[in-house]
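So the chains spell out like this:
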Amino acid sequence: MKATMLNPKHTVKIFTQAEDLFAAAAKDFCTRSIHIIASQGKCRVVLSGGETPKKFYAALVQHAKVNTEIAWNKIQFFFGDERYVPMNDVRSNYYTAQHYLFSQLSIPRQHIFRFPTELATATEVATGYEQTLKAIFTTPWPQFDLIYLGLGEDGHTASLMPGSALVQQYLPTATATLPSSWVASLWAEALNMYRITLTPPAINHSQHRIFLVEGAAKASALQAVWQPNADPGRYPAALVDSAEWWVDAAAARGLVAR
Ligand code: 6PG
């Protein structure tokens, strides 16, 4: 493997082909969840949104067909963010997971914790989801075992959008006290929709943070976020603490020494 740009915060795995990335990520998920369930009796996983998870879910379903060791009924599924759309809207991250993963693996409904987007406002959805999480986690911050994250072409992750007032509150330059919210809502101007998202501290208190990033369209954002001095206001994915980046060669183009 060629030398890659170093970033002390993160580790990176680069896969020549996208399908190798998702197959390896699925295998890793299963290995980790088996270990976590063996030690804790359950595994709490946060899923990301958008299009990338569809390939991850397909690889998980494929892996589950040959690896029957996983106690899927001991895995609790959460979401890192959601679009403020009905749960049966194809844009819903819950809908995507339900269609491509939960329905394929018969995940018990009581182990799926979705954002209640049926509520009247995005703010109420954020409050409702935070209450759901606080009924599960009695710690000062939610302590997920695994959190999967994606990277937008503009450097966002979850729904932490560049230039948003929400992100501004978490910048190193922010003077006010760090908000204690676990979940927040925002108007995503560029997407013309409300979004609801885990906050940076809620993300960063997870045991393992794993980015799955595929495709040349992400190369510029990935290179920018990986700069040790990346500006998190411009590239909010830089707000995420030490993480594993599982990427394909096309997305990693800007990381690899020429
Ligand atoms: C969402 C996300 C978002 C996503 C990135 C990458 O709800 O859209 O959670 O952060 O992970 O935008 O999206 P793609 O996988 O579609 O490129």
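Scroll up for the structure.
As a starting point, this report considers the structure included with it. (Residues numbered from 1 in each chain as written. Predicted model: local features only at pLDDT ≥ 70, side-chain atom pairs only at ≥ 80, totals over all residues. Heavy atoms only, no water.)

### Some words on the overall build of the chain
Helix and strand content of the chain: seven helices and nine strands. Relative to its length of 258 residues, the chain is compact, with a C-alpha radius of gyration of 17 Å against a globular reference of 18 Å. Expressed along its principal axes, the backbone C-alpha trace of the chain runs to roughly 45 × 45 × 35 Å. Taken over 258 residues, the chain has a buried fraction of 55%. Taking contacts inside the chain between residues at least 6 apart in sequence as the whole, the part at least 24 apart equals 78%. The positive charge centre, built from 22 side chains, and the negative charge centre, built from 20, are 4 Å apart in the chain. (Helix = DSSP H or I, 4+ residues; strand = E, 2+ residues; numbered from the N terminus. Rg over C-alpha atoms; globule rule 2.2 N^0.38 Å. Buried < 20%, exposed > 50% of the residue type's maximum accessible area, 1.4 Å probe, protein only. Contact = heavy atoms within 4.5 Å. Lys, Arg positive; Asp, Glu negative; His and termini not counted. Charge placed at Lys NZ, Arg CZ, Asp CG, Glu CD.)

### Some points on the state of the cysteines
One way to say it: the disulfide is the covalent bond shared by the sulfur atoms of two cysteines. Across all of its chains, the model carries zero disulfides by this definition. Take Cys-30: it sits in no disulfide, and the sulfur closest to it among the cysteines is that of Cys-43, at 10 Å. Owing to a relative accessible area of 0%, Cys-43 belongs among the buried residues under this scheme. (Disulfide = S-S within 2.5 Å.)

### Things to note about the packing of helix α2 (residues 52-66) against helix α3 (residues 93-105)
At their nearest, the axes of α2 and α3 sit 9 Å apart, and the two run at 5° to each other. The angle between the axes of α2 and α3 places the two elements in the roughly parallel class. Between α2 and α3, the contacting residues are Lys-54, Tyr-57, Leu-60, Val-61 and Ala-64 on the first element and Thr-96, Ala-97, Tyr-100, Leu-101, Gln-104 and Leu-105 on the second. Here the contact of α2 with α3 is composed, by residue class, of eight nonpolar, two polar and one charged. (Axes fitted to C-alpha atoms, helices over the stretch in contact; angles between N-to-C directions. Parallel < 35°, antiparallel > 145°, perpendicular 65-115°, else oblique. Nonpolar A, V, L, I, M, F, W, Y, C, P; charged D, E, K, R; others polar.)

### Points about the sheet that holds strand β5 (residues 146-149)
Ordered in space as β1-β9-β8-β5-β2-β3, the six strands form an open sheet in which the pairing is parallel. Of all strands in the sheet, those bounded by a partner on one side alone are β1 (11-15) and β3 (75-79). Across the sheet, the mean angle separating the axes of adjacent strands is 20° when strand polarity is ignored. Alignment of β5 against strand β8 (residues 208-213), held across four bridges, turns out to be parallel. Across the sheet, Leu-146 pairs through a bridge with His-208, a residue of β8. Along the sheet, helix α7 (residues 219-226) makes contact with β1 and β9 (244-248), crossing β9 at roughly 155°. (Pairing = 2+ DSSP bridges.)

### Looking at α3
In this model, α3 (13 residues) spans 17 Å end to end at C-alpha, consistent with the 18 Å of a helix rising 1.5 Å per residue. Roughly 40° is the biggest bend found in α3, and it falls at His-99. All buried positions along α3 are accounted for by Asn-93, Tyr-94, Thr-96, Ala-97, Leu-101, Phe-102 and Leu-105. Packed against the buried residues of α3 are β2 (43-47), α2, β3 and β4 (81-83). The N-terminus of α3 is capped by Ser-92, whose side-chain oxygen sits 3.1 Å from the backbone nitrogen of Tyr-94. Within two residues after α3, Ser-106 carries a phi angle of roughly 50°, on the positive side. (Expected span 1.5 Å × (residues − 1). Bend = angle between axes of the 7 residues up to and from the residue. Polar contact = N/O pair within 3.5 Å; in protein donor to acceptor, adjacent residues only side chain to side chain.)

### With respect to the site of the ligand
The local shell around the ligand holds 15 residues, among which Thr-52, Asp-81, His-156, Ala-158 and Lys-218 are the closest. Interatomic distance of 2.7 Å between a side-chain N/O atom of His-156 and an oxygen atom of the ligand. Within the contact set of the ligand, an oxygen atom lies 2.7 Å away from a backbone nitrogen or oxygen of Ala-158. In the shell around the ligand, the residues fall into two nonpolar, eight polar and five charged. (Near = heavy atom within 4 Å.)

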